[in-house]
Structures are given as C-alpha cells and as structure tokens.
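Observations on the model geometry
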Amino acid sequence: MKVQALIALALPALFAGCATQPDAEEQAALVADARKASAALTQKLGGELKAAIAADGPAGAIGVCKTRAPQIAADVSQQFGVEAKRVSPKNRNPDGVPDAWEAEAQAGLEKRLAAGEKPETLDTWQIVRTSGGQQFRYAKALPVQQMCLNCHGDPATMAEGVKARLAAEYPLDKATGYAPGMLRGIVSIKRAL
Ligand code: HEC
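Keep in mind that this is a model prediction, so the values were computed, not measured. (Residues numbered from 1 in each chain as written. Predicted model: local features only at pLDDT ≥ 70, side-chain atom pairs only at ≥ 80, totals over all residues. Heavy atoms only, no water.)

1. So, the sheet that holds strand β2 (residues 123–130)
Here four strands make up an open sheet; going across it, the order is β1-β4-β3-β2 and the pairing antiparallel. Edge strands, defined here as strands with exactly one partner in the open sheet, are β1 (83–87) and β2. Within the sheet, the average angular offset between the axes of one strand and its neighbour, ignoring direction, is 20°. Pairing of β2 with strand β3 (residues 133–143) involves eight bridges; the strand directions are antiparallel. Its bridge partner being in β3, R129 is matched across the sheet by Q134. Where helix α2 (residues 24–80) meets the sheet, its contacts fall on β1, β2, β3 and β4 (183–192), and the angle it forms with β1 comes to roughly 50°. Each of β1, β2, β3 and β4 touches helix α3 (residues 100–114); the most contacted strand, β4, lies at about 130° to it. (Pairing = 2+ DSSP bridges. Helix = DSSP H or I, 4+ residues; strand = E, 2+ residues; numbered from the N terminus. Axes fitted to C-alpha atoms, helices over the stretch in contact; angles between N-to-C directions. Contact = heavy atoms within 4.5 Å.)

2. Here's the deal with the nonpolar core
Of all hydrophobic cores here, the largest spans 19 residues; its most connected members are L41, V76, A84, F136 and I189. Contributing elements (two or more residues each) for this core: α2, β3 and β4. The element that contributes the greatest number of residues to this core is α2, accounting for eleven residues. Every residue in contact with L41, bar those within four places of it in the chain, is listed here: I72, A73, V76, A84, R86 and V187. Counting residues in hydrophobic clusters, the runner-up holds eleven residues, among them A105, L113, A139 and L183. (Core = buried A, V, L, I, M, F, W, Y, C linked by side-chain atoms within 4.5 Å. Buried < 20%, exposed > 50% of the residue type's maximum accessible area, 1.4 Å probe, protein only.)

3. What to know about the state of the cysteines
Per the stated rule, a full pass over the model turns up zero disulfides. Take C65: it sits in no disulfide, and the sulfur closest to it among the cysteines is that of C151, at 7.3 Å. (Disulfide = S-S within 2.5 Å.)

Right under this line is the structure:
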C-alpha cells in the first residue's frame, strides 16, 4: 500500500479519536475566557465582602460570605457556561474540597510562587481526557492579603466574635492559620469540550 493511502486511512481515525481537540487559537480563547470568569468571580465577591465588613464588621460579613460566595460562583458559571468554584486544601466551605487536578494545580502554583512568580497573575490550565470526554481545566491562585486575615488568620489573634461565628457556622473549618503571601486556595474553572 502506498504511503499516501495509509495516511488517508489513518487520518480520519486520528481525528475521530480527538475530534474536539482545540487548536492553539481555540485554546487561547478558552484561557482568556477562564481568566475573565475568574476575575468576575473574585471582583464581585471581593467587592461584596469589603462592603459587608465596612457595614457589619468581619463577624457580620461571615454570613454574607456563606450565602453569597456560592451564589456568585453559580452566577458566573451560568454567565460563562463553565463550572466555577473556589477550593482549598484547607477548606472552610464543606463543598470546597479540591479534586485531584485542583490539588495538583495548586501545588504547582505554590512552587512557582516560591520560585518568585508574581502571585497576582499566577494561573495554570490544561486539557484533560476523562471517561466522559475532554475537559478544559483552569486554576487561578488566590493569594492571602491583609484583609483575608480577619477570617483566615492566626486564631490566637483573630477577633473573638469572628471565632465564635466560624465555630457555629463551620464546625469542621480548616481555613485558619494563614499569613500574607500564602495561597489560600484557587478559583477553579472547568468546562466540558
Ligand atoms: C468576613 C470573613 C472572611 C474574609 C475577610 C475572607 N474570607 Fe474567605 N471565606 C470565608 C467564609 C465564611 C468562607 C466559606 C464560604 C465560602 O466562601 O465558600 C470562605 C471561603 C473561602 C475560600 C473557599 C475555599 C474554602 O476554604 O472553603 C477561599 C479560597 C477563600 N475564602 C479565600 C479568601 C481570600 C483570598 C480572602 C482575602 C482576599 C478571604 N477569603 C477573606 C470568610 C472570609
């Protein structure tokens, strides 16, 4: 059989196997979109959190975070046609446990942070194959800022009201003991291809 004939036979099989593999341009668009979705989530939640702290103090803002954070994630998911959420290896929200990809992504981002990359722009992405088809996965680092310490800092120096509220709302909370510059978690964006 001629080489051309072999290629003609092999090519369709090749493309059938990875029919949805996005090309470089499509991949760049997926990344750009995920960055937008992640920024939308972070900005909306951050704005509401700051306003709630200003109005009711950090203890009062915990309730806002509890109800609004999942709602904002759901709104952004719908708006961008993705699954957006925040996760952390030391989660507070019982639904905030990272899956294997997310845990590995955060570990990789932490290494890059330690190697000197700027935390504000730290992100990573990958196209993965699952039994259900291909997925685009994206992770954006959430660095700890001073403001976060109100509710994620050292329990020894946290306000009593905050500690009491956290103990009541999140009996299994793991999300304290952070210092500025650490990664609190990631925004995770998942999209079926
Ligand atoms: C007013 C208290 C408060 C402040 C301030 C605060 N958080 Fe949280 N955080 C919470 C609460 C309550 C939850 C659990 C509900 C949720 O958002 O899912 C949470 C959850 C999270 C999660 C989801 C993963 C998990 O642990 O469940 C991340 C990531 C996170 N916070 C990061 C931050 C970062 C980064 C900052 C600072 C920019 C910050 N938080 C400031 C109260 C706070």
